[in-house]
Amino acid sequence: MFRFLAGIITAIAVIWSIQYFMGKSDQKEEIQLNSALLEQQIKQVGKLIVTEGQFSQVLSYKNTKKNYFDIFSANKKALVIVNAKVTIAYDLRQIKTEIDQEAKQVRILFLPEPEISIYPDLQYYDVSQDYFNKFDAADYNKIKGSVDKLIQTKIDQSDLKGDAKERLINELSKIYILTNTLGWSLQYQETTIASPTDLNNLKF
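Enquirer: Looking at this structure, how should I read the overall build of the protein chain?
Expert: When helices and strands are counted, the protein chain shows three helices and seven strands. Along the chain direction, N to C, the helices and strands of the protein chain fall in the order α-β-β-β-β-β-α-α-β-β. Considering the protein chain as a whole, with its 204 residues, one finds that 28% of them fall into the buried category. Of the contacts made within the protein chain by residues no fewer than 6 positions apart, 72% connect residues no fewer than 24 positions apart. Summed over all atoms, the accessible surface of the protein chain reaches about 13800 Å², with 53% contributed by carbon and sulfur.

Put into structure tokens, the structure is as follows:
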């Protein structure tokens, strides 16, 4: 009788051990599969997010040059019509993430800075210049520099950066939804994302 009970106990122990280790193996395999899926989806998110804007401005350029002991002056002037296209992009191919399989956590380590590009189209009207003060490359470079500064100011005063950030958050929310669906968590700079609205409060 004793041997019979011992045999049953031994069999139960063996079965329990097999189920335990098989369960551990299945769980480990599932975590690895989820990790591979997350990596694949994060790579698919990695694309350029572009926001475009158009700006128009009219500039008046004038330059005076003194000659012969400041007795005579030579002038040049022009009316400049500026139409500029502006793009703001996040190159999410540069995003850096870390996947912790044991903690079931995806950590966003780095997000790229927005890339601002200005494409001005300058048209010159009412151009006049004296013989001793003609337009040259330095004048056009100066006008171009003034236009860039003016457009940059307009960008800062507009909603373009906010729109670009909103589109970035929309892409990041896809990562959150995926991690949450798989029972994982998402973290950015020591902050755990508990809901999609938390992404709006992040500083980047």
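Enquirer: Hey, could you run me through the side chain of Q187 in this one?
Expert: Relative to the elements of secondary structure, Q187 occurs in strand β6 (residues 185-188). Among residues more than four places away in sequence, those in contact with Q187 are Q105, V106, R107, I108 and T192.

Enquirer: What's the story with the environment of L199 in this structure? I'm lost.
Expert: Within the element layout of this structure, L199 appears in the segment after β7 (191-193). Put simply, L199 and N170 are 29 residues apart on the chain and 8.9 Å apart in space, counted from C-alpha to C-alpha. The residues touching L199, leaving out its near neighbours within four places in the chain, are I169, L172, S173, I193 and F204.

Enquirer: Help me understand helix α3 (residues 160-181), please; the structure alone is not making it clear to me.
Expert: At 3.6 residues per turn, the α-helix brings residues three or four places apart onto the same side. Across its 22 residues, α3 extends 32 Å between first and last C-alpha, which sits within 8% of the 32 Å expected from 1.5 Å per residue. Three or more residues of α3 are buried, namely L160, A164, L168, I169, E171, L172, S173, I175, Y176, L178 and T179. A positive phi of about 85 degrees marks G183, the residue just after α3.

Enquirer: Mind showing me how you'd approach the pattern of salt bridges here?
Expert: Close approach of charged atoms allows side chains with opposite charge to pair. Evaluation of the coordinates by the stated rule reveals seven salt bridges. Where D100 meets R107, a salt bridge forms, and the shortest distance between an N and an O atom there is 2.9 Å. Across the pair K174 and E171 runs a salt bridge whose closest N-O atoms are separated by 3.4 Å. Separated by three residues within a single helix, K174 and E171 lie in helix α3, roughly one turn from each other. Counted as one network, the salt bridges with shared partners bring together E98, D100 and R107.

Enquirer: Quick question: what am I supposed to make of the packing of aromatic side chains here?
Expert: The geometry of two aromatic rings is summed up by the distance between their centres and the angle between their planes. Evaluated as defined, the whole model comprises three aromatic pairs. Aromatic side chains Y61 and F135 sit 6.0 Å apart centroid to centroid with 45 degrees between the ring planes, which places their arrangement in the tilted category. Of this pair, Y61 sits in strand β1 (residues 48-67) while F135 sits in the loop between β5 (115-129) and α2 (137-157), and the two are 74 residues apart along the sequence. On the basis of relative accessible area, F135 is assigned to the buried category, the value being 14%. Through a chain of ring-to-ring contacts, the aromatic side chains of Y61, Y124, F135 and Y140 assemble into a single cluster. K76 extends its terminal NZ or CZ atom over the ring of F135, reaching a point 5.8 Å from the ring centre. Here K96 stacks its cationic end above the ring of F110, 5.7 Å away from the centre of that ring.

What counts and how
- Residues numbered from 1 in each chain as written.
- Predicted model: local features only at pLDDT ≥ 70, side-chain atom pairs only at ≥ 80, totals over all residues.
- Heavy atoms only, no water.
- Helix = DSSP H or I, 4+ residues; strand = E, 2+ residues; numbered from the N terminus.
- Buried < 20%, exposed > 50% of the residue type's maximum accessible area, 1.4 Å probe, protein only.
- Contact = heavy atoms within 4.5 Å.
- Areas by Shrake-Rupley, 256 points an atom, 1.4 Å probe, with all protein chains shown as cover.
- Expected span 1.5 Å × (residues − 1).
- Salt bridge = Lys/Arg side-chain N within 4 Å of Asp/Glu carboxyl O.
- Phe/Tyr/Trp six-rings, centres within 6.5 Å; stacked < 30°, edge-to-face > 60°.
- Lys NZ or Arg CZ within 6 Å of the ring centre and 35° of its normal.

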